[in-house]
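The lines below spell out each chain.
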Amino acid sequence: MRARNEVKPRHPLGGRQVRWATALMASGALITAAGAAAAATTVTAAPKPQWVKVTDEGGAFNLADPKKVRFGVSGRWVQKSLAGTVACTSTFFGRDPAKGVAKQCQVYKVVAAPAPAPAPAPSPAPSGPPAVDAAVRDAVRLATQASFGNTEALAAEIRTQGASKWIASQMALATSRYTSGGNGTVHQNTSNTGFCDKPANAGPNCWRDNFSTIPLVWDFYRNAISKPDQLRQRVAFALQQIVVVSGTEADGTYGFRSYHNTLLDNAFGNYRQVLKKVALSPVMGDFLNNVNNDKSAPNENFARELLQLFAVGTCQLNTDGSLRGGACAPTYDNDMVRSYAYALTGWTYPAGGATPWGCWPKGTNCRYYGGDMVPVEARHDTVARTLMSGVSLADGHKAPAALEAVLDSLIAHPNTAPFIGKQLIQQLVSSNPSAAYVARVSAAFTSGKYASFGTGQRGDLAATVAAVLLDPEARSSTVIVNGGKLRDPVLMFTSVLRGLNGQSDGDALSWWWGEELREHVFRPPSVFSFYPPDYPVAGTALVGPSFGIHNANAALQRLNYLTYLLDWGGSAAAAGVPNAIGTKVNLTAFTADAADAGKLVDRLSVIATGQPLPTATRAEIIKAVSWWTVSTDKTNWQINRAKMAAYLVFATPSYQVQR
Amino acid sequence: MNHTTSFDARRRWLLQSGASCASALGVGSLGNLLLGARPAHAADYKALVCIFLYGGNDGLNTIVPSDAARHAQYSGVRGALAIPRDRLVALPGTEFGLHPSLAALSAAAAAGHIAPVFNVGPLYAPLTKAQYRATPSGAALKPDGLFSHSDQQVLWETATTHSQERTGWGGRASAVLGTVNPVISVGGSARFGLTTLQSPLVLPGPGSTFGAYGLQPDDLKWAPMAARKAAIDLMYAQPQDAALADAYSRMQRDAFAMSQRLGALVKVEPGKAGSIAAIDSAFASITVSGRISSGLGRQLYQVAKLIAGNATVQGDRQIFFAQAGGFDTHAGQIAGSATEGEHARRLQEVGDALAAFYTAMKNLGLGQSVTAFTQSDFGRTFKPNSSNGTDHAWGNQHLVVGGAVRGGATYGTYPQLVLGGDDDVGTESWEQHGRWIPTTSVDQYAATLLGWFGASDAQLDAALPNLRNFGTRRRLGFV
């Protein structure tokens, strides 16, 4: 049967199959909701149907068979019997039953019967939910947006200082660094024996420690979990998903270390400087083929992606991020890409590298990542070029001057502020910022100032980041229906660990969980990072970048990560990892509250989301937690309560999708 | 979304063909109870397998002219990148051959089961060079984001010319045809399988656990895990205060349902319990110590299993999505000789995996029921750059492989190999790189595949909105 696959209301014997089968037996003709309900009830004592919200006004959904549907708000409904695609709009329903009020659609259907309640626990009855404390909620929200995960200590710190002061203090902290891994000797090997074949270097970890990005993963996660310059690290993490290099297509640990330390150093600096260091990076030179690019017939790889991904994007934008003219008008054409490709010719590796057979092509330096690329004017095209933003190059220009002109043209371009600004919002706060929010952040980027933040220079990142985090849309206590974002796997890894007083040396979060959830730090599959900024979320009109690596498999693997940490004890320190500490959480602090299941669940909920969970979810979690008692497990009931509570709280949509 | 059409179609189908409702009732005991044992596949089972080559595969070196005159034209411009005539894998009945790295496909080629389709790309309507040059950017005739990876991937996957398009042509076709499952992807959450309401079903590779630990049926016999599952089920059934959270919850619910049905099948590996000899033997050449040695190989092994396991997967029409990456050969496309280097390595992986898959389908007696086809961001410049590579272009050469394919012929129009010529977007001296304006659209390519798959003209129009701009040329005949 070619029935459309969509979410079915749950039924003990499998909903749709029952209805199709019984209807077929009955008449094979039009299936009515009444008939379906009747058929369902004759098979078993099914739960009664009820009105269940399906979507907000503006959304759409699909019904496999006819149901009663109503559109409106409490007490004011338009009701119809519908099947197939339903648009939750006044137009579709024929009238607006509640003008000016945000409406929703509900379907009259059977919902899952809750599991039978476990035996009551002998410990005191769980306490009811405390009220939402707006100040606590906002502190946790800012911690979620601006760190690698809220902790009780961090939320307290933010509450004490207030958002603006805390951000300023974060920007003033010393920078954490990447320090692990080998050095430039990998590119100074003049013998015919491969670096890892030499007795001095041979060993199972030679490639890992000297060529791969694994040592950076160790530093990344250690720093993310425990170093105080959280915001700087978050911004650097955001920047590395815009100006992308990948360990899948270049190697030399020391080069990546240098690249990513540069992003940390410039996280609160100026975006023009970020672009300059990226353009001069020999790692980027290898990754996007601009190293030794020659004027005779330059390849277009770096030039194209510099424009498309690092600076202006493919469509002309208004300052609020919307498409200029309402449809995509190209920002540049292929001729312009080629002009930039020519302008960016004439760069080679810095001096310092060596090979057994000298350096090729003649006149260039050997591969070496110990510094910025240097000009090789013989390969630089000096022809006059017209770039964007009214910038042009006169005949006879040299490579460094051409680079400066390229950078000037990009930072001056009206696209850059909204293009970069919106992506920073998406990385930190919300996948679907309002146009007005984007416009405010663009203004900060362009003016270089936001309140007391920034130097006043166009492209100032301190001002831009402050604008992102202090904007009313980031700080408002009203939940925005189209707001929030699905936490990245990386941020889920770290925030669960941080929230539960955990630790990690990063090892298990690279080849295991990083690969499992398709976000292995420093190894995005291409220059397009782990996911696109405009990935459409089916069933909505919204985008959700992290949904680009989310699917049925990832859905369950997120839960499996929680099982791994909580039920399996995470990972022990691994022999081959320097200063290994494994990956694990520490629930000791929470077992103290285990006797009161409600208090335990609420405490974890506040850490995870800033507030207690919605009522029904909270109650069901407490039921599960309460199964563990001194009778069911004399020695371990408290720790098991903590594990159950942590698993379920971090599994909730309230946590997984930050608001 | 034309819900009336598909609902009516289901009603009509129900009225007419009660007996074969069997396949839709699923593996539940109720289904078996009512209707007894079913054949593994409906007599008319068909599957389409999209293999997306990310980065922009150089089609000009994948399918190469083998006649002396044209090969001379080709190698005159390709220079060091030109594949020698005597190294090509023959496509009998044509004057073309395949890159030697695709040698594993020679049996399929000899059997007439490979069709090359030339100069395919995103188009709004037929487009001449004069029109292209006269059309301002942003106008309908000029597809969005030409030469940009991400935009062209979207255009190929969605069969539209809008880079903001949210649904894929695989997804729309599945919806319009009312298939039991959405597009099944073994290669990630690509846009190809998206519909407005539904994501593709993305499955992990062989040997993977597709399921939630501790929440399997056996685990639920223990009370605390049953309580945990009850809390999980309830939390994901609650309406949320944010649309993204509702979407997340829905995916969680779907994930549990899907993993119940497919978890065991997904896990099967070569030589292990549940594996099928007919498939394992076909993949033996790329299996080392029980593990398939390439990413695309693992994906196509998974597709083969899912096709063989149709009784579990259900449905008589299924679209699959697989992918391989690394085709963006701006530099170092070749190394040493033209037949070695990065592109050769990438094509080898594709050829070996696709040949294994083709053989597996033959072994299962499903050769005629399964058609695989390539897609890619774009073709690459005919004229190489000075980094021993090629840059972004437009129209590309693609391959369709399967027992129903009408090989021994070529389809579409091979571009004139003239820099700055009638097929080249460029005219001025600085823009003569051989970026071909397509003469066959993605829509026509897709329509031919979907026509074989069983779509009517009305369904083709519903799934491929620009198809009507190409008049009657909607079945190109390669399958």
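Fair warning: this is a prediction, and the values are worked out from it, not measured in the lab. (Residues numbered from 1 in each chain as written. Chains lettered and ligands numbered in written order. Predicted model: local features only at pLDDT ≥ 70, side-chain atom pairs only at ≥ 80, totals over all residues. Heavy atoms only, no water.)

*Asks:* Just to check I follow, could you spell out the overall build of chain B for this structure?
*Replies:* The number of helices and strands found in chain B is 16 helices and 14 strands. Relative to the 2.2 N^0.38 estimate, which gives 23 Å for 479 residues, the radius of gyration of chain B is 23 Å and therefore close to what a compact globule would have. In terms of overall dimensions, chain B has a C-alpha envelope of 75 × 50 × 45 Å along the principal axes. Counting the 479 residues in chain B, one finds 62% classified as buried. Within chain B, contacts between residues separated by at least 24 positions form 70% of all contacts whose residues are at least 6 apart in sequence. (Helix = DSSP H or I, 4+ residues; strand = E, 2+ residues; numbered from the N terminus. Rg over C-alpha atoms; globule rule 2.2 N^0.38 Å. Buried < 20%, exposed > 50% of the residue type's maximum accessible area, 1.4 Å probe, protein only. Contact = heavy atoms within 4.5 Å.)

*Asks:* Sorry, what's going on with the overall build of chain A here?
*Replies:* Across its full length, chain A holds 27 helices and 12 strands. Of the contacts formed within chain A by residues at least 6 apart in sequence, a portion of 68% connects residues at least 24 apart. When the accessible surface of chain A is totalled, it reaches about 23300 Å², and 55% of it is carbon and sulfur. (Areas by Shrake-Rupley, 256 points an atom, 1.4 Å probe, with all protein chains shown as cover.)

*Asks:* How do you make sense of the interface of chain B and chain A when you look at a structure like this?
*Replies:* The figure often quoted for interface size is the accessible area lost as the parts come together. Contact residues are listed per partner, giving 99 residues for chain B and 104 residues for chain A. Roughly 8800 Å² of surface becomes buried between chain B and chain A when both sides are summed, with 61% attributable to carbon and sulfur atoms. Counting the contacts that link chain B with chain A gives four salt bridges. A salt bridge links Asp 534 of chain A to Arg 191 of chain B; its shortest N-O distance comes to 3.3 Å. Counting the contacts that link chain B with chain A gives 27 residue pairs in polar contact (both at pLDDT 80 or more). When contributions to the side of chain B that touches chain A are tallied by element, the ones reaching two or more residues are helix 1 (3–16), helix 2 (29–35), helix 7 (149–158), helix 8 (169–177), strand 7 (201–202), helix 9 (223–237) and helix 10 (243–267) of chain B. (Buried area = accessible area lost by both parts, 1.4 Å probe. Salt bridge = Lys/Arg side-chain N within 4 Å of Asp/Glu carboxyl O. Polar contact = N/O pair within 3.5 Å; in protein donor to acceptor, adjacent residues only side chain to side chain.)

*Asks:* Sorry if this is basic, but what is going on with the sheet that holds strand 4 (residues 104–110) of chain A here?
*Replies:* Strand pairing in a sheet takes place through backbone hydrogen bonds and is either antiparallel or parallel in direction. Residue and element names in this part refer to chain A. In spatial order, the strands read 1-4-2-3; together these four strands make up an open sheet with antiparallel pairing. Looking at strand neighbours, the two that pair on one side only are strand 1 (49–56) and strand 3 (76–87), the edges of this open sheet. Between one strand axis and the next, the sheet turns through 35 degrees on average, direction left out of account. Two elements, strand 2 (residues 60–73) and strand 3, share 11 bridges in a ladder whose sense is antiparallel. Bridged to Phe 61 within strand 3 is Val 86. (Pairing = 2+ DSSP bridges. Axes fitted to C-alpha atoms, helices over the stretch in contact; angles between N-to-C directions.)

*Asks:* I keep staring at the state of the cysteines and nothing clicks. Help me out?
*Replies:* By definition, a disulfide is the covalent link that joins the sulfur atoms of two cysteine residues. All names here are of chain A. Within the structure shown, the criterion is met by four disulfides over all chains. Residue pairing for Cys 88: its cysteine sulfur links by disulfide to Cys 105, the two sulfurs lying 2.2 Å apart. Taking the sign of the S-S torsion, about 110 degrees here, the bridge from Cys 88 to Cys 105 comes out right-handed. Note that Cys 88 is positioned in the loop between strand 3 and helix 3 (90–93) and Cys 105 in strand 4, a separation of 17 residues in sequence. A single burial state applies to Cys 88 and to Cys 105, both of which are buried. (Disulfide = S-S within 2.5 Å.)

*Asks:* In this structure, what is going on with the packing of aromatic side chains? I would like to understand it.
*Replies:* Geometrically, a pair of aromatic rings is defined through the distance of the ring centres and the angle of the planes. One pass over the structure, following the stated rule, counts 40 aromatic pairs over all chains. Ring centres of Trp 627 of chain A and Trp 628 of chain A lie 4.9 Å apart, and the angle between their planes is 85 degrees; this geometry places the pair in the edge-to-face category. One aromatic cluster is present, built from ring pairs that chain together Phe 52, Tyr 54, Trp 156, Trp 169, Phe 192, Phe 321, Phe 373, Tyr 411, Tyr 445 and Phe 478 of chain B. When the ring centre of Trp 77 of chain A is taken as reference, the NZ or CZ atom of Arg 70 of chain A above it lies at 4.2 Å. (Phe/Tyr/Trp six-rings, centres within 6.5 Å; stacked < 30°, edge-to-face > 60°. Lys NZ or Arg CZ within 6 Å of the ring centre and 35° of its normal.)

*Asks:* What is the right way to look at the pairing of strand 10 (residues 317–324) of chain B in this model?
*Replies:* The side chains of a regular strand alternate, first on one face of the sheet and then on the other. All names here are of chain B. By the criterion of burial, strand 10 is predominantly enclosed, with seven of the eight residues buried. Here eight bridges tie strand 1 (residues 46–53) to strand 10, and the two strands are oriented parallel to one another. Within strand 10, the position partnered with Lys 46 by the bridge is Arg 317.

*Asks:* What is the right way to read the packing of helix 12 (residues 295–308) of chain B against helix 14 (residues 342–363) of chain B from this model?
*Replies:* For any two helices packed against each other, the geometry is given by the interaxial angle and the distance between the axes. Residues and elements named next belong to chain B. Running from N to C, helix 12 and helix 14 cross one another at 15 degrees; their axes reach a closest spacing of 8 Å. The angle between helix 12 and helix 14 falls in the class roughly parallel. The handedness of the crossing between helix 12 and helix 14 comes out as right-handed. Within the contact between the two elements, helix 12 uses Gly 295, Leu 296, Gly 297, Leu 300, Val 303, Ala 304 and Ile 307 and helix 14 uses Glu 349, Val 350, Ala 353, Leu 354, Phe 357, Ala 360 and Met 361. Partitioned by chemical class, the residues of the contact of helix 12 with helix 14 number 11 nonpolar, two polar and one charged. (Parallel < 35°, antiparallel > 145°, perpendicular 65-115°, else oblique. Left-handed = near helix turned anticlockwise from the far one by under 90°. Nonpolar A, V, L, I, M, F, W, Y, C, P; charged D, E, K, R; others polar.)

*Asks:* Help me understand helix 10 (residues 253–265) of chain A, please; the structure alone is not making it clear to me.
*Replies:* Helical geometry note: an α-helix holds 3.6 residues per turn, so side chains three or four residues apart project in the same direction. Residues and elements named next belong to chain A. Helix length check: helix 10 (13 residues) gives 18 Å between terminal C-alpha atoms against 18 Å at 1.5 Å per residue, within 8%. With respect to burial, helix 10 is a largely interior element, 11 of its 13 residues being buried. Thr 253, Tyr 254, Gly 255, Phe 256, Arg 257, Tyr 259, His 260, Asn 261, Thr 262, Leu 263 and Leu 264 are the residues of helix 10 that are buried. The secondary structure elements touched by the buried residues of helix 10 are helix 7 (206–210), helix 8 (214–226), helix 9 (230–240), helix 11 (271–280) and helix 12 (282–287). (Expected span 1.5 Å × (residues − 1).)

*Asks:* Is there a simple way to think about the pattern of salt bridges in this case?
*Replies:* Pairing between side chains of opposite charge can happen when their charged atoms approach one another. Residues and elements named next belong to chain A. Counted by the stated rule, this structure contains 41 salt bridges over all chains. Between Lys 599 and Asp 593 there is a salt bridge, with the nearest N and O atoms lying 3.2 Å from each other. Classification of Asp 593 as buried rests on a relative accessible area of 13%. Overlapping salt bridges, with partners in common, bring together Glu 152, Asp 593, Lys 599 and Arg 603 in one network.

*Asks:* Is there a simple way to explain helix 25 (residues 615–626) of chain A in this structure?
*Replies:* When the terminal C-alpha atoms of helix 25 of chain A are compared, their 16 Å separation across 12 residues agrees well with the 16 Å that a helix rising 1.5 Å per residue should span. Among the residues of helix 25 of chain A, those classed as buried are Thr 617, Arg 618, Glu 620, Ile 621, Ile 622, Ala 624, Val 625 and Ser 626 of chain A. Where helix 25 of chain A is buried, its residues contact helix 24 (597–609) and helix 26 (637–651) of chain A together with helix 9 of chain B.

*Asks:* Before we go on, may I ask you to explain the sheet that holds strand 4 (residues 96–98) of chain B in this structure?
*Replies:* Residues and elements named next belong to chain B. Spatial ordering of the open sheet is given by 2-4-3, a layout of three strands whose pairing is antiparallel. One side of each edge strand has no neighbouring strand; the edge strands of this open sheet are strand 2 (63–65) and strand 3 (89–90). As defined by bridge partners, strand 2 adjoins strand 4 across three bridges and the pair is classed as antiparallel. Across the sheet, residue Val 64 finds its bridge partner in strand 4, namely Gly 97. Relative to strand 2, helix 4 (residues 68–78) is tilted by about 115 degrees, and along the sheet it contacts strand 2 and strand 4.

*Asks:* So what exactly am I meant to see when it comes to the confidence of the model for chain B here?
*Replies:* The predicted coordinates should not be examined in detail at positions where pLDDT is low. Residues at a pLDDT of 70 or more form 92% of chain B, whose mean pLDDT is 91. Listed scores for the predicted complex are pTM 0.85 and ipTM 0.88. (pLDDT = per-residue confidence, 0-100.)

*Asks:* Explanation requested: the environment of Ser 199 of chain B in the structure shown.
*Replies:* Among the structural elements, Ser 199 of chain B can be located in the loop between strand 6 (184–185) and strand 7. Put simply, Ser 199 of chain B and Ser 185 of chain B are 14 residues apart on the chain and 10.0 Å apart in space, counted from C-alpha to C-alpha. Excluding residues that lie within four positions of it along the chain, Ser 199 of chain B makes contacts with Ala 538 of chain A together with Pro 182, Gly 193, Leu 194 and Met 251 of chain B.

*Asks:* In this structure, what is going on with unusual backbone geometry? I would like to understand it.
*Replies:* Residues other than glycine predominantly adopt negative phi, and peptide bonds predominantly adopt the trans conformation. A cis amide bond links Trp 360 of chain A to the next residue, Pro 361 of chain A, at an omega of 0 degrees. Positive phi is not limited to glycine here, since Asn 292 of chain A has a value of about 60 degrees. Here Asn 292 of chain A shows up in the loop between helix 12 and helix 13 (301–311). One non-glycine residue, Ala 159 of chain B, adopts positive backbone phi at about 50 degrees. Considering the arrangement of structural elements, one finds Ala 159 of chain B in the loop between helix 7 and helix 8. When its relative accessible area of 2% is taken as the criterion, Ala 159 of chain B is described as buried.

*Asks:* Got a minute to help me understand the nonpolar core in this structure?
*Replies:* Nonpolar side chains tend to gather and get buried jointly when the protein is soluble and globular. Counting residues in hydrophobic clusters, the biggest one holds 253 residues, and the most contacted among them are Tyr 271, Phe 310 and Tyr 561 of chain A together with Phe 283 of chain B. Broken down by element, the residue count for this core peaks at 12 residues, all from helix 10 of chain B. Core analysis: the next-biggest nonpolar cluster, separate from the first, contains 38 residues, Tyr 54, Ala 404, Leu 460 and Ala 463 of chain B among them. (Core = buried A, V, L, I, M, F, W, Y, C linked by side-chain atoms within 4.5 Å.)

*Asks:* Just to check I follow, could you spell out the packing of helix 10 of chain B against helix 12 of chain B for this structure?
*Replies:* All names here are of chain B. For the pair helix 10 and helix 12, the least separation of the axes is 10 Å and the interaxial angle reads 125 degrees. Of the possible angle classes, the one that applies to helix 10 and helix 12 is oblique. In the crossing of helix 10 with helix 12, the sense of the turn from one axis to the other is right-handed. Contact residues: helix 10 offers Leu 265, Val 266 and Lys 267, while helix 12 offers Gln 302, Lys 305 and Leu 306. Looking at the contact of helix 10 with helix 12 residue by residue, the classes come out as three nonpolar, one polar and two charged.

*Asks:* Before we go on, may I ask you to explain the side chain of His 433 of chain B in this structure?
*Replies:* Locating His 433 of chain B in the fold gives a position in the loop between strand 13 (411–412) and strand 14 (440–441). Taking relative accessible area as the criterion, His 433 of chain B reaches 9% and is therefore assigned buried. Within the structure, His 433 of chain B has its side chain in polar contact with the side chain of Arg 338 of chain A (distance 3.2 Å). In contact with His 433 of chain B, other than residues within four places in its own chain, are Arg 338 of chain A together with Thr 381, Phe 382, Lys 383, Leu 419 and Asp 424 of chain B.

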